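Results of the structural survey
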Amino acid sequence: MHLHLHDDGPRFATRALLAGIVLLGQLTTAATVPPASLLARSLAGPMHGVDEIVFALRQPGKDPHWYANFSYYAADPHRKAYGEGGRLCRLNLRTGQLQTLLDDPRGGVRDPQVSYDGRRILFAYRRGGTPNYLLYEIQADGSGLRQLTEGDYDDFEPTYLPDGSIVFVSSRCKRWVNCWLTQVAVLHRCDADGSHLRPLSSNNEQDNTPWPLADGRLLYTRWEYVDRSQVDYHHLWTMNPDGTSQMVYYGNFHPGTVMIDAKPVPGTDLVVASFSPGHGRTEHDGVITLVNPKAGPDTVAAAHPVSRSADFRDPWAFSPDCFLAARGPTVVLVDGQGNTQPLFALSAADRAAGLQCHEPRPLAARPRERLIPPRVDLAQGTGRLLLADVHVGRNMAGVQPGAIKKLLILETLPMPVHYTGGMEPMTYGGTFTLERIVGTVPVEPDGSAYFELPALRSFFFVALDEHDLSVKRMQSFVTVQPGETTSCVGCHEQRTRAPDYAAKPTRAFRRPPSRIAPIADVPDVLDFPRDIQPILNRHCLQCHDYDQTNHGGVFLCGDEGPMFSISYFTLIARNQVADGRNRPQSNYPPRALGSAASPLLDKLEPSHHQVRVSAHEKRLVRLWIETGATFPGTYAALGTGMIGSYSENQLDRSDTQWPAAAAATATLLRRCGGCHTGRLALPLSASAEQVRPPWELMEKDDPRRRLARHLLYNLTRPEKSLLLLAPLGRASGGFGLCRSVPAGPAAPGAPGAVFAHRDDPDYQTILAGIQAGQAYLTHIKRFDMPGFRPRADWVREMKRYEILPADTPPNSPVDVYGVERAYWASFWYQPPEPLTW
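Residues numbered from 1 in each chain as written. Predicted model: local features only at pLDDT ≥ 70, side-chain atom pairs only at ≥ 80, totals over all residues. Heavy atoms only, no water.

Pairing within the open sheet is mixed, and its 3 strands lie in the order 30-27-33. Whereas interior strands pair on both sides, the edge strands pair on one side only; in this sheet they are strand 30 (449–454) and strand 33 (485–488). Neighbouring strand axes in the sheet, compared pairwise and without regard to direction, differ in orientation by 25° on average. In this sheet, strand 33 lies alongside strand 27 (residues 382–387) in parallel orientation, the contact comprising 4 bridges. Bridge pairing links Leu 385 to Thr 486 in strand 33. (Pairing = 2+ DSSP bridges. Helix = DSSP H or I, 4+ residues; strand = E, 2+ residues; numbered from the N terminus. Axes fitted to C-alpha atoms, helices over the stretch in contact; angles between N-to-C directions.)

Turning our eyes to something else, we now look at helix 4 (residues 528–539). In this model helix 4 runs 15 Å from its N-terminal to its C-terminal C-alpha over 12 residues, within 8% of the 16 Å that 1.5 Å per residue would give. Within helix 4 the residues assigned to the buried category are Phe 528, Asp 531, Ile 532, Gln 533, Ile 535, Leu 536 and His 539. Its side-chain oxygen placed 3.2 Å from the backbone nitrogen of Arg 530, Asp 527 serves as the N-cap of helix 4. (Expected span 1.5 Å × (residues − 1). Buried < 20%, exposed > 50% of the residue type's maximum accessible area, 1.4 Å probe, protein only. Polar contact = N/O pair within 3.5 Å; in protein donor to acceptor, adjacent residues only side chain to side chain.)

In this section: the environment of Ala 185. Here Ala 185 shows up in the loop between strand 11 (166–170) and strand 12 (186–190). Put simply, Ala 185 and Gln 206 are 21 residues apart on the chain and 5.5 Å apart in space, counted from C-alpha to C-alpha. Apart from the residues lying within four places of it in its own chain, the contact partners of Ala 185 are Phe 70, Phe 156, Val 169, Ser 170, Ser 171, Cys 173, Glu 205, Gln 206 and Asp 207. (Contact = heavy atoms within 4.5 Å.)

Among the nonpolar cores identified, the biggest contains 95 residues, and Phe 528, Tyr 546, Val 621, Trp 624, Tyr 635, Leu 723 and Trp 794 are the most heavily contacted of them. Of all the elements, helix 11 (residues 761–780) adds the most residues to this core, at 7 residues. Sequence-distant contacts of Tyr 546, that is, excluding residues within four places in its chain, are made with His 551, Phe 555, Cys 557, Asp 559, Ile 566, Asn 714, Arg 717, Lys 720, Leu 722, Leu 725 and Phe 735. Within the second largest apolar cluster, 25 residues are counted, among which are Leu 57, Leu 93, Trp 211 and Val 331. (Core = buried A, V, L, I, M, F, W, Y, C linked by side-chain atoms within 4.5 Å.)

As a further point, take the sheet that holds strand 26 (residues 356–362). Two orientations exist for strands paired in a sheet by backbone hydrogen bonds: parallel and antiparallel. Pairing is antiparallel in the open sheet, where 4 strands are placed in the order 5-4-1-26. Of all the strands in the sheet, the pair left with one neighbour each is strand 5 (98–104) and strand 26. Strand-to-strand twist of the sheet, defined as the mean angle between neighbouring strand axes without regard to direction, takes the value 20°. Pairing analysis gives 6 bridges linking strand 4 (residues 86–92) to strand 5, with the strands arranged antiparallel. In the sheet register, Cys 89 faces strand 5, and the bridge partner there is Thr 100.

To continue, consider the confidence of the model for the protein. The predicted coordinates should not be examined in detail at positions where pLDDT is low. Summarising the model, the protein shows a mean pLDDT of 89, and 89% of its residues fall at 70 or more. Here residues 1–30 is modelled with pLDDT under 50, and outside its nearest four sequence neighbours on either side it reaches 53 contacts, counting other chains as well. Segment residues 646–657: pLDDT under 50, and 31 contacts once partners within four positions in sequence are set aside and those in other chains are kept. (pLDDT = per-residue confidence, 0-100.)

Contact geometry of helix 4 with helix 5 (residues 566–573) gives a least axis separation of 10 Å together with a crossing angle of 80°. The orientation of helix 4 with respect to helix 5, classified from their angle, is roughly perpendicular. Contacts between helix 4 and helix 5 involve Phe 528, Gln 533 and Leu 536 from the former and Ser 567, Tyr 568 and Leu 571 from the latter. Taken together, the residues that form the contact of helix 4 with helix 5 break down as 4 nonpolar, 2 polar and no charged. (Parallel < 35°, antiparallel > 145°, perpendicular 65-115°, else oblique. Nonpolar A, V, L, I, M, F, W, Y, C, P; charged D, E, K, R; others polar.)

Written out as structure tokens, the structure reads:
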């Protein structure tokens with residue numbers, strides 16, 4: 001199959017494959033073979049020597065997302081993502097005898113993994129009455145339960161490593177999903193007794209289901225979205241057991257599937273995984289799929305569906321023709337043609353209690369994987385990265401050798417808490433994540449670069465030309481471990497190619513690694529009202545303000561709108577900034593994203609009405625674009641200061657201002673609704689919900705509409721709202737853009753004007769409604785307004801992370817920028833102090 005790398009071809013190819021699988025499952029029920037035939041055949045073949053299996057029983061996660069099955073929700077710590085009731089079970093496949101090794105009616109059991117000798121079981125256990133999953137180990141006969149990890153975080157999905165240590169997923173990373181209400185967990189490792197615990201990953205989003213491959217690498221799921229869709233990129237990656245050499249394994253070019261629960265198929269190069277459709281289903285439900293990695297990570301045909309429907313989870317392969325899996329309330333055996341045989345089914349009482357089967361594994365000895373010697377040096381605070389030739393890549397047409405002069409190093413910053421599935425108010429339809437400016441490193445004339453990076457942080461690169469304009473963006477992230485030296489071939493290069501260092505020695509590797517050069521006099525985390533708006537005030541408002549005659553319908557004042565400032569929304573809505581948006585697309589052509597493709601920079605040149613900005617001002621704007629063009633420079637803005645957003649939970653319906661807003665809505669419907677239909681429709685509702693304030697009636701602006709609430713309502717100067725200026729006659733200071741129609745009362749004395757003067761009672765009614773919104777915004781406050789307070793949830797989490805003192809009151813005034821800087825710095829790896837004798 002030919003893949004078009006720059007359109008939706010890969011997305012459609014992958015989704016079409018899965019759609020076909022699901023459709024087949026709907027039309028043709030997976031065959032259930034005659035009793036015992038598949039099991040008998042398997043026990044005599046690929047399952048020879050396997051008499052028993054272990055599995056977990058528990059309620060599935062209370063959330064539709066595959067990752068949201070532990071801990072609590074941001075706005076309500078009493079609301080849990082898990083249910084109560086858990087068991088660890090052992091089943092004899094030959095006799096059908098079931099033994100319960102652990103039963104906790106109020107607890108939770110998950111992710112059993114059998115030791116190499118088949119005598120012990122490692123699993124995650126949440127004791128009844130406690131909130132967190134921690135790692136435990138138990139003998140295969142149910143004796144000797146012992147706790148391995150402790151703390152106020154969740155540890156789960158553990159796997160034994162051949163050197164005796166353990167890798168697992170943990171929320172000790174102290175961050176939240178950037179687009180949801182639950183916490184993140186990433187890869188960690190510890191010794192066999194739970195000691196010497198340390199992170200292996202710096203991901204802002206979920207890592208899941210690590211498992212060792214026969215060659216010693218760890219196979220796992222990594223979810224990421226750097227300047228691209230948050231619901232499409234969750235694919236298979238590998239790393240060494242010490243966290244070094246993190247690399248895509250399969251699927252990262254093909255959006256639209258969660259590839260999870262992957263494990264090697266014994267005696268082959270294949271892996272089996274659950275391909276969970278779209279953004280994934282609860283508890284990883286998906287299609288049992290075989291992946292052949294030999295063709296490289298981007299070949300769609302390398303994935304072969306096995307099951308006939310997408311309701312299987314936690315597959316375990318005995319061979320390419322024999323699989324163990326959980327399926328709702330049952331444990332099943334599946335052959336290579338998708339035929340199934342139930343091995344165990346829950347009782348009616350257990351089903352009524354909401355229990356389901358999870359993570360079936362053979363209770364049998366297995367060979368240890370190859371040992372990969374450690375490549376980390378924990379005494380070092382940095383690692384090194386060698387780039388062979390930045391000009392080499394899959395989509396670098398037109399980039400001449402020597403065109404790229406340096407790399408801009410950016411860091412994606414963890415989020416301390418989140419409340420919704422949206423990115424607002426961080427951006428309007430763009431990134432969810434703040435990006436920190438770290439600095440630049442040089443690129444040699446041959447395209448090579450060699451530089452140091454701080455360990456265990458998430459970096460991505462922007463290739464810059466001689467004018468410091470973007471040529472290519474990474475749209476992923478890289479992490480180095482302490483003391484690691486790693487390399488890459490080029491920029492989005494084919495993963496099946498290796499660099500020919502012998503034929504072309506790199507110039508950069510002949511010298512010591514470069515250190516990142518900070519960018520002087522620029523904040524490392526930019527904030528639009530603080531850093532960019534003053535530039536617009538100095539150079540743009542003489543034209544682009546409401547009182548100017550040559551504004552051209554573009555307003556760049558910093559006045560507050562319902563969610564953003566007028567200027568911020570104007571720049572984004574008018575496509576003055578080229579970013580990845582929230583699209584399922586990667587590897588854009590050169591100069592298609594970032595500063596080189598952003599018309600705003602052209603507006604800062606003298607050719608645009610003799611604008612004269614300083615080099616420093618232009619650098620600020622350029623770097624603001626490169627860092628995702630966010631509105632706030634703090635995550636404390638989340639869930640605050642937004643009127644009409646589904647994330648704003650502070651709206652007080654009993655407030656006396658809302659009758660004025662309801663009256664304004666009714667007036668707008670009467671005076672303006674006749675003309676404003678279709679693409680020109682106002683953000684209003686003629687339904688019973690018209691009692692609500694007009695700015696709250698559209699939680700998501702329809703992109704097909706030309707009139708967005710973010711431009712219509714000015715909550716700093718209500719009389720400058722376009723909702724009033726457009727229908728107000730020019731003689732009264734309005735724009736005179738709207739005309740009366742016969743269905744609506746014409747304004748007397750000024751034919752065609754909807755409002756001839758400001759004394760019109762309907763004009764005053766609408767103005768009063770907008771003033772009510774202004775009063776409410778003044779009450780709840782936005783991050784850039786005097787007296788702003790972060791949400792109590794933000795304060796709670798900062799206290800839990802030990803960034804704020806434990807006795808900090810929930811509504812106390814805090815420097816949110818300074819607190820978040822301390823929060824991010826808490827993740828910076830610090831080598832241990834050398835022992836002194």
